[in-house]
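Listed below, chain by chain, are the residues.
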Amino acid sequence: MIQSTLDKGMWEELRKGKQRALKDIYEKYFEDLYHYGCCMCHDSSLVEDGIQDVFIDLFHYRSKISPPSNPKAYLISCLRRKLLSNLKKSRLFSLKPDATDFLIEESLEKNLISQETDQRILLKLKMALKKLTPRQKEIIFLKFVKDMDYEAISEILDMSPASCRTLMYRTAKCLKEELNDLQILQNPSLQKSTFTQVLRTFLPVLF
């Protein structure tokens, strides 16, 4: 089912050749696409070119494209394919080089963490994330930063929902082990936080 009445209307107008609809879709999803693209590579011009190519193709093939059930997931999957043709797999999903310079003004879990410990936790979490494969970083990003469900993730990664769940389980297990080794979860300010809460709080700062 189409994600919203607004999306359905825009897509139907696009299929009729309305350039205004293309512009509306572009403006609605550009930020998500750009954020995703910049997590695949730090060349912003390459990301912007990829996004432009996605929308050029979208308009060119509009009559052959059925309205997607999840437009954001569909567009991200298109961008992913564009960027994959220009990037080596080993370069995918690198963290922001200066991510630990960003301060968290307010915890996403109602100030579970004090600012005095933010930087130390971020540094250790960044170390743990470096142990993950590009594919593992990607699913962590989609699940905890973009808050996507497994149906949407499966469309982007071109995997079945069951395979996505398996990958997520193994990734979470690996990351939790790394966090335990680095004693992040033993931090006094995080003792009342679940593993998921910790990820949802800090991961948006690192990607």
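Residues numbered from 1 in each chain as written. Predicted model: local features only at pLDDT ≥ 70, side-chain atom pairs only at ≥ 80, totals over all residues. Heavy atoms only, no water.

A. Spotlight on the overall build of the protein chain. The number of helices and strands found in the protein chain is nine helices and zero strands. Along the protein chain, helices (α) and strands (β) appear in the sequence α-α-α-α-α-α-α-α-α when read from the amino end. Residues classed as buried in the protein chain amount to 45% of the 207 residues present. Per element, the accessible surface of the protein chain, about 11400 Å² overall, is 49% carbon and sulfur. (Helix = DSSP H or I, 4+ residues; strand = E, 2+ residues; numbered from the N terminus. Buried < 20%, exposed > 50% of the residue type's maximum accessible area, 1.4 Å probe, protein only. Areas by Shrake-Rupley, 256 points an atom, 1.4 Å probe, with all protein chains shown as cover.)

B. Main features of the environment of Lys16. Looking at the element boundaries, Lys16 is found in the loop between α1 (5-15) and α2 (19-40). Taking C-alpha positions, Lys16 is 10.0 Å from Phe59, a pair spaced 43 residues apart along the chain.

C. Summary view of the side chain of Ser77. Counting through the fold element by element, Ser77 comes out in helix α4 (residues 71-84). Among the polar contacts made by the side chain of Ser77, one reaches the main-chain carbonyl oxygen of Tyr74 at a distance of 2.6 Å. Dropping the residues within four chain positions of it, Ser77 is found in contact with Glu155 and Ile156. (Polar contact = N/O pair within 3.5 Å; in protein donor to acceptor, adjacent residues only side chain to side chain. Contact = heavy atoms within 4.5 Å.)

D. Region of the structure containing the pattern of salt bridges. Within this structure, the stated rule accounts for ten salt bridges. With a shortest N-O distance of 3.5 Å, Lys131 and Glu178 are connected by a salt bridge. With Lys131 in the loop between α5 (115-129) and α6 (134-145) and Glu178 in helix α8 (residues 161-181), this pair connects stretches of sequence that are 47 residues apart. In this structure, a network of salt bridges that share partners links the residues Asp32, Lys72 and Lys146. (Salt bridge = Lys/Arg side-chain N within 4 Å of Asp/Glu carboxyl O.)

E. Layout of α4. Helix length check: α4 (14 residues) gives 20 Å between terminal C-alpha atoms against 20 Å at 1.5 Å per residue, within 8%. Taken across its 14 residues, α4 has eleven buried, putting it largely inside the fold. Taken residue by residue, α4 has Pro71, Lys72, Ala73, Tyr74, Leu75, Ile76, Ser77, Cys78, Leu79, Arg80 and Leu83 as its buried positions. (Expected span 1.5 Å × (residues − 1).)

F. Just the confidence of the model for the protein chain, in detail. A residue-level look at the protein chain finds 79% of positions with pLDDT of 70 or above and a mean pLDDT of 81. In the model, residues 98-113 has pLDDT below 50 throughout and makes 38 contacts with residues more than four positions away in sequence or in other chains. (pLDDT = per-residue confidence, 0-100.)

G. Spatial organisation of the nonpolar core. Counting residues in each nonpolar core, the largest one holds 61 residues, and the members touching the most others are Phe55, Leu58, Leu75, Leu175, Leu179 and Leu203. Counting residues per element, this core draws most heavily on α2, at eight residues. Among residues more than four places away in sequence, those in contact with Leu58 are Trp11, Leu14, Leu22, Ile65, Tyr74 and Leu75. (Core = buried A, V, L, I, M, F, W, Y, C linked by side-chain atoms within 4.5 Å.)

H. Geometry of the environment of Gln183. Position of Gln183 relative to the elements: it lies in the loop between α8 and α9 (195-206). What makes Gln183 exposed here is its relative accessible area of 55%. In sequence terms Gln183 and Lys124 are 59 residues apart; their C-alpha atoms lie 8.7 Å from each other.

I. The arrangement of the side chain of Thr201 in detail. For Thr201, the location among the structural elements is in helix α9. A polar atom in the side chain of Thr201 sits 2.7 Å from the backbone oxygen of Gln197.

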